[in-house]
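The residues making up each chain are set out below.
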Amino acid sequence: MFGPHRRALAFTAILSCTAALVASVLVPAAAAQTIGEPAPTAVRVKDAALSDIRASVVPEGGIKAAMTGGNTIYADVREPEPRDDGYRHIDTPRLVSKLREHGLNTYVYGIWDSPTDWDDLRLEFAPAAAAAGIKIWVYTVPPSECFDNPAPHLSGRCSRPFKLDFVRWAQEIATLSLQYPNVVAWAIDDFLIGANGELFTPDYMQQIVDAQDAINPRLGFYTCAYHGHAVSPEFYARFGPYIDGIVYPYLGFSNNTQDPTAVEANLEQILAQTEPRGLGVLFLLYTNRFLDAALPPTENYVAESIRRALPYQRSGRILGIDAYGLPLGGKPAPTADNRAAHGIGRFNVSLASFVGTRTGDYASAEQRIVVNPHERRHTLRFADFDWYNPTTPAPGFHTKQVLVDGKVVWESDVADPGGHGYVERTVDLSDALRGKHTALLTLRVFERNGVGNFPLDVGFDDVRGEGFLVLDGGFEQSWAWKIGGNSRALLGSLDHYAADRPARIRDAVATTLRGKPWTNRPYPPDPAPFPRDGYRTDNTAMFGDGRLSLSLPDRTSPAPNSCATASQRVAVDPYSPRYELSFWHYDQYAQTRLFEGQLVKRLTIDGLLVQQRDVTDWWEYTWMNGSSDQGPIDVGDFVRGKKEVTVAFQLCATDTPPVDLGVDVGVDTIESVGLTVRNPGFESGGAWTMSSTDPALTARIERF
Ligand SMILES: [Ca+2]
Ligand SMILES: [Ca+2]
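Residues numbered from 1 in each chain as written. Chains lettered and ligands numbered in written order. Predicted model: local features only at pLDDT ≥ 70, side-chain atom pairs only at ≥ 80, totals over all residues. Heavy atoms only, no water.

## A word on the sheet that holds strand β14 (residues 423–428)
Point 1. If you trace the five strands from one edge of the open sheet to the other, you get β14-β11-β16-β9-β19, paired in antiparallel fashion. Bordering the open sheet on either side are β14 and β19 (491–496), each of which pairs with just one other strand. Adjacent strand axes in the sheet meet at a mean angle of 30° when their direction is disregarded.
Point 2. Bridging between strand β11 (residues 379–386) and β14 involves six bridges; their strand directions are antiparallel. Residue pairing in the sheet places Thr379 in a bridge with Asp428 of β14. (Pairing = 2+ DSSP bridges. Helix = DSSP H or I, 4+ residues; strand = E, 2+ residues; numbered from the N terminus. Axes fitted to C-alpha atoms, helices over the stretch in contact; angles between N-to-C directions.)

Shown next as structure tokens:
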């Protein structure tokens, strides 16, 4: 679930496939499942009885866990300053106190982000958690998530130090579990994603199990299993004998983190497989972003999902609940998450990546409006946008529509020119409302044709009527509009932004896991409901109100190999044991390879290339920490022995520049070890020097 695996399997459907073909490629997940297969006959390989494992891993009342997670936003609890080794370590006292504060009895300890994670667990967290009565699952990653390179600046995340030697991991974790009996289990992420299954052969699984059984047979061993595998008899026939159960990442019916209503249906399907086999299920709930999903989870989603899963935990049918990416790091929600035109609210229709729709699917917001029949004119005004790559020619799928009493009075294909930022629309409803005292007003997205993989984020806001009354046209409340639809894939919602969303999510988790009813606090009104000019979505900073912008307008072709550059002379601490640069970046392109090889994003130090990524890299409209493979970059080879270096972020044309590929690359939230970067959040105009070798390419600090 850490990220890039799914893209390796990506089916870039929207350019090459007809609707009929792609509609058959992916259907909402639940539709394709079967249940009620016969119980297995395979003989268990692990030494300990499943009941003994269960007794060891499940605390009284069930597992109430949190974990970090790949490509989430500040879920980890690290010390603010690096230690003598130049690494920012896990802040064990703060982490333990937060787990206790939130009533959690288990921590699923991810070994991925930093090479110091294993030692931090072994030497600090395991004993501290033991003293606090907190159980530990150790979470490792498979080949698809191990990005190892002998060049430090190219090396990425991996479970270190034993990397892909899972026999060794089994031995080491089993040994640790003898020293600290609160280390009760371990698990492997994204178990069968991509080519991972080639490593986990029956013979290798046997070796892993034998290795841990020789040391501690009571150590639990689990694998991540997404819905497709979690309901598959073949999966259990192959792996059931070696494992004690699965970690199941809940993603609704359709790869999203918005819809809590699939909890029972999905769990029942999974339990139909696991219960006859005696295998355990840890319910993993995203409480931080999941890259495939269109919207990040909200506190209401989290609370309702837990409320639905809790009876399964109480009855012992699942092992417990694990809050994935629980935002314990203390940062606010990203500014760019506010996708309203004005204020904090909008009507949203979203569709996750790799989720199919059917022809005729829709999601809608509607209300009965009161019409003044004596007015001469009846005019509707509203603003809408769709985050959709405007240069990808794929009309005929998603259509934005307005209906009056069920009749379409306005529509626009998301592939129509414009509309990828909010645009104000004016629709004359005089004919549609003539002689009426009331009418049903509907805003919706309608699938003219089903499609296999065409993710979407549509916003409607600022709905106003002349000659009739629209209530809560700004979608700032929750009472005036009825949200509906006929699809488990295309989801409508009132999307409300809260800067303190991470705190709300933590509250929701803590309260609902205690079995208490949870009520959300009202959202404070937007302190600046009307920005100086333009729309809320214009502020695409990650945090605060500023970011670096490296841009190229539409229909403009820069010279080959020309660049826009933002650079800074940066002081180097000669005594730092190592040097690290971490930054977050953003652009609009990902859903097509059509423009690959034309424009690249670069980080250079003293003119030497540290990192280069194509603007068509994954993920669109998403702030990424370096890449889904690599967070902070080890830049020691570029700065060691120097007093000062020039750090530069660039947007560059390649040998084959684009003809029409407007892009606005953002950089924000720079953090460093051994280097002093000034104005790292771009909240002022200072410290950075801008230059360009082509007038079409611009570098500037964008302040909103
Ligand atoms: Ca609004
Ligand atoms: Ca900023």
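## Overview of the environment of Ser155
Point 1. Checked against the element boundaries, Ser155 lands in the loop between β3 (135–140) and α7 (166–179).
Point 2. For Ser155, the residues in contact, after removing those within four places along its chain, are Phe147, Asp148, Asn149, Arg160 and Gln630.
Point 3. Looking at Ser155, its side chain comes within polar contact range of the main-chain nitrogen of Asn149, at 3.1 Å. (Contact = heavy atoms within 4.5 Å. Polar contact = N/O pair within 3.5 Å; in protein donor to acceptor, adjacent residues only side chain to side chain.)

## Quick word on the state of the cysteines
Point 1. Within the structure shown, the criterion is met by two disulfides.
Point 2. Between the sulfur atoms of Cys146 and its disulfide mate Cys158 the distance is 2.0 Å. Measuring handedness by torsion sign, the sulfur bridge of Cys146 and Cys158 sits at about -80° and is left-handed. Of this pair, Cys146 sits in the loop between β3 and α7 while Cys158 sits in the loop between β3 and α7, and the two are 12 residues apart along the sequence. Cys158 matches Cys146 in its accessibility class, with the two residues each being buried.
Point 3. Paired through a disulfide, Cys563 and Cys652 show a sulfur-sulfur distance of 2.0 Å. (Disulfide = S-S within 2.5 Å. Buried < 20%, exposed > 50% of the residue type's maximum accessible area, 1.4 Å probe, protein only.)

## Notes on the coordination of the calcium ion (ligand 2)
Point 1. Around the calcium ion (ligand 2), the protein contributes the donor atoms Phe543 (O), Gly546 (O), Asp668 (OD), Asp668 (OD), Gly681 (O) and Glu683 (OE), which lie 2.3 to 2.6 Å from the metal centre.
Point 2. Viewed at the metal, the six donor atoms of the calcium ion (ligand 2) are separated by angles of 51 to 157°, and the geometry they form is irregular.
Point 3. Read in sequence order, the donor residues for the calcium ion (ligand 2) give the motif F-x2-G-x121-D-x12-G-x1-E. (Donors = N, O, S within 2.8 Å, 3.2 Å for Na, K, Ca; no water. Tetrahedral: all angles 85-135°; square planar, octahedral: opposite > 155°, others 65-115°.)

## Overview of the packing of helix α13 (residues 299–314) against helix α15 (residues 501–513)
Point 1. Orientation of α13 relative to α15, taken along the N-to-C sense of each, is 15°, at an axis distance of 8 Å. Overall, the two elements α13 and α15 adopt an arrangement that is roughly parallel. The handedness of the crossing between α13 and α15 is right-handed. On α15, the residues that touch Glu299, Val302, Ala303, Ile306 and Leu310 of α13 are Arg501, Arg504, Ile505, Ala508, Val509, Thr512 and Leu513. (Parallel < 35°, antiparallel > 145°, perpendicular 65-115°, else oblique. Left-handed = near helix turned anticlockwise from the far one by under 90°.)

## Considering the coordination of the calcium ion (ligand 1)
Point 1. In the first shell of the calcium ion (ligand 1), the protein supplies His342 (O), Gly345 (O), Asp461 (OD), Asp461 (OD), Gly474 (O) and Glu476 (OE), at 2.3 to 2.6 Å from the metal.
Point 2. Geometry at the calcium ion (ligand 1) is irregular, judged from the six donor atoms that bind it and their angles of 52 to 158° at the metal.
Point 3. Read in sequence order, the donor residues for the calcium ion (ligand 1) give the motif H-x2-G-x115-D-x12-G-x1-E.
Point 4. For Glu476, a relative accessible area of 28% translates into the label partly exposed.

## Looking at the sheet that holds strand β6 (residues 245–250)
Point 1. Spatially, β1-β2-β3-β4-β5-β6-β7-β8 is the arrangement adopted by the eight strands of the closed barrel, whose pairing is parallel. Within this sheet the neighbouring strands show an average axis-to-axis angle of 25°, counted without direction.
Point 2. Note: strand β2 (residues 106–110) against β3, five bridges, orientation parallel. Within the sheet, the bridge partner assigned to Thr106 lies in β3 and is Lys135.
Point 3. Each of β1 (63–67), β3, β4 (183–188), β5 (220–224) and β7 (280–286) touches helix α4 (residues 50–57); the most contacted strand, β5, lies at about 85° to it.
Point 4. Packing of helix α9 (residues 202–213) onto the sheet brings it into contact with β4 and β5, and relative to β5 it is tilted by some 150°.

## Remarks on the domain arrangement of the chain
Point 1. Under the domain assignment, the chain is made up of domain 1 (50–324), domain 2 (342–496) and domain 3 (540–703).
Point 2. Using C-alpha coordinates to define each centre, domain 2 is positioned 36 Å away from domain 3. (Domains from an automatic or database assignment.)

## Quick look at the environment of Leu609
Point 1. Locating Leu609 in the fold gives a position in strand β24 (residues 608–614).
Point 2. Separated by 213 residues in sequence, Leu609 and Gly396 place their C-alpha atoms 42 Å apart.
Point 3. Leu609 has contacts with His153, Arg602, Leu603, Thr604 and Phe638, leaving out every residue within four places of it along the chain.

## Remarks on α13
Point 1. Compared with the 22 Å implied by 1.5 Å per residue over 16 residues, the 22 Å span of α13 between its first and last C-alpha is a close match.
Point 2. The largest bend along α13 reaches roughly 30° and is located at Arg308, with the proline Pro311 sitting one to four residues downstream.
Point 3. Glu299, Tyr301, Val302, Ala303, Ser305, Ile306, Arg308, Ala309, Leu310, Tyr312 and Gln313 are the residues of α13 that are buried.
Point 4. In the core, the buried residues of α13 are packed alongside β1, β6, α12 (263–277), β7, β8 (320–324) and α15.
Point 5. Where α13 terminates, the next one or two residues include Gly316, which has phi positive at roughly 80°. (Expected span 1.5 Å × (residues − 1). Bend = angle between axes of the 7 residues up to and from the residue.)

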